[in-house]
Amino acid sequence: NAGVTQTPKFRVLKTGQSMTLLCAQDMNHEYMYWYRQDPGMGLRLIHYSVGEGTTAKGEVPDGYNVSRLKKQNFLLGLESAAPSQTSVYFCASRGANYNEQFFGPGTRLTVL
Amino acid sequence: DQQVKQNSPSLSVQEGRISILNCDYTNSMFDYFLWYKKYPAEGPTFLISISSIKDKNEDGRFTVFLNKSAKHLSLHIVPSQPGDSAVYFCAASLLNGYALNFGKGTSLLVTP
């Protein structure tokens, strides 16, 4: 099993550009999450999903949109990137009966 | 407002000695607590957890202690090894909650 995978691993954007980060999991997990990690800030929840077709806002949702059209995929979109969105983005998933989340390797995004 | 706090940004310990990482929380409704370990350029990996009905949980060299009255938990690593050098995140979740609340992390350095 690959676990949780993220695409791409690195990306550099210019202010105002858009992009989509893809997260995929092969563990048949119901719940999926997007976090961002900034220096000295820990992990902050952007959006999450408790099932196919459902999404909800986390702690820092502004400037991001998400979609979960398939159970195994969770997409994070930036419609108009800003330098404040320079960060490392982590996707995670977990089963409905467990508390432990499994994380992907991360995507390092730089917005110039 | 940060509900999970790790007040020590860094900790240095000699190989073979005990490492003690601390975590405080403010929300008395938190029901489940987890520790994650993170190496540079990788995603966090689950280390150990504890339910609020317990005060101790052991897994090999790792032990987590929970003091509910003080809203405090700690992770003990005995004996510490150089490979334990990483950032450790404390996290907490509510009963039937979907999300994890993370602390800002403590960077542990184990020196030979």
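Calculation criteria
Once a new chain begins, its residue numbering starts again from 1 and follows that chain's sequence as written. As they are written, the chains are lettered A onward and the ligands numbered 1 onward, keeping that order. Totals for whole chains, interfaces and linings use every residue, but because this is a predicted model, local features are given only for residues with pLDDT of at least 70 and side-chain atom pairs only at 80 or more, for both listing and counting. The side-chain figures draw on all heavy atoms in the structure; neither hydrogens nor water molecules are used. Each helix corresponds to a stretch of at least 4 residues labelled H or I by DSSP, and each strand to a stretch of at least 2 residues labelled E; elements are numbered beginning at the N terminus. Exposed residues in this analysis have more than 50% of their type's maximum accessible area, buried residues have under 20%, and partly exposed residues fall in between, with area computed by a 1.4 Å probe over protein chains only. By the criterion applied in these results, polar contacts are pairs of N or O atoms within 3.5 Å in which, for protein atoms, one can donate a hydrogen and the other can accept it, and in which residues neighboring in sequence qualify only through two side-chain atoms. Contacts are residue-level and defined by heavy atoms, with any inter-residue pair within 4.5 Å sufficient. Whenever Lys or Arg places a side-chain nitrogen within 4 Å of a carboxyl oxygen from Asp or Glu, that contact is recorded as a salt bridge. For this analysis, a nonpolar core means a set of buried residues of the types Ala, Val, Leu, Ile, Met, Phe, Trp, Tyr and Cys, connected via side-chain atoms within 4.5 Å.

(A) Layout of the side chain of asparagine 27 of chain B. All names here are of chain B. Turning to its location among the elements, asparagine 27 is positioned in the loop between strand 3 (19-25) and strand 4 (30-38). For asparagine 27, a relative accessible area of 19% corresponds to the buried category. Looking at asparagine 27, its side chain comes within polar contact range of the main-chain nitrogen of methionine 29, at 2.9 Å. Sequence-distant contacts of asparagine 27, that is, excluding residues within four places in its chain, are made with Gln3 and Leu94.

(B) Expanded view of the pattern of salt bridges. As enumerated under the stated definition, the model contains six salt bridges over all chains in all. Close ionic contact of aspartate 38 of chain A with arginine 36 of chain A constitutes a salt bridge, the shortest N to O distance being 2.9 Å. When sorted by exposure, aspartate 38 of chain A lands in the same class as arginine 36 of chain A, which is buried. Two residues, arginine 61 of chain B and aspartate 84 of chain B, come together in a salt bridge whose shortest N-O distance is 2.8 Å. Here the residue arginine 61 of chain B occupies a position in the loop between strand 6 (56-59) and strand 7 (62-67), and aspartate 84 of chain B occupies one in the loop between strand 8 (72-77) and strand 9 (86-94), the gap between them amounting to 23 residues. Residue arginine 61 of chain B is classed as partly exposed on the basis of its relative accessible area, which comes to 22%.

(C) Molecular detail of the nonpolar core. Grouped together as the largest cluster of nonpolar side chains are 23 residues, with contacts concentrated most on Phe33, Trp35, Leu73, Leu75 and Tyr88 of chain B. Mapped by element, the contributors of at least two residues to this core are strand 3, strand 4, strand 5 (45-51), strand 7, strand 8, strand 9 and strand 11 (106-111) of chain B. The greatest single-element share of this core, amounting to four residues, is contributed by strand 9 of chain B. In this structure, Met19, Tyr64, Val66 and Leu78 of chain A belong to the second largest nonpolar core, which totals 19 residues.

The analysis is restricted to geometry; functional conclusions fall outside its scope.
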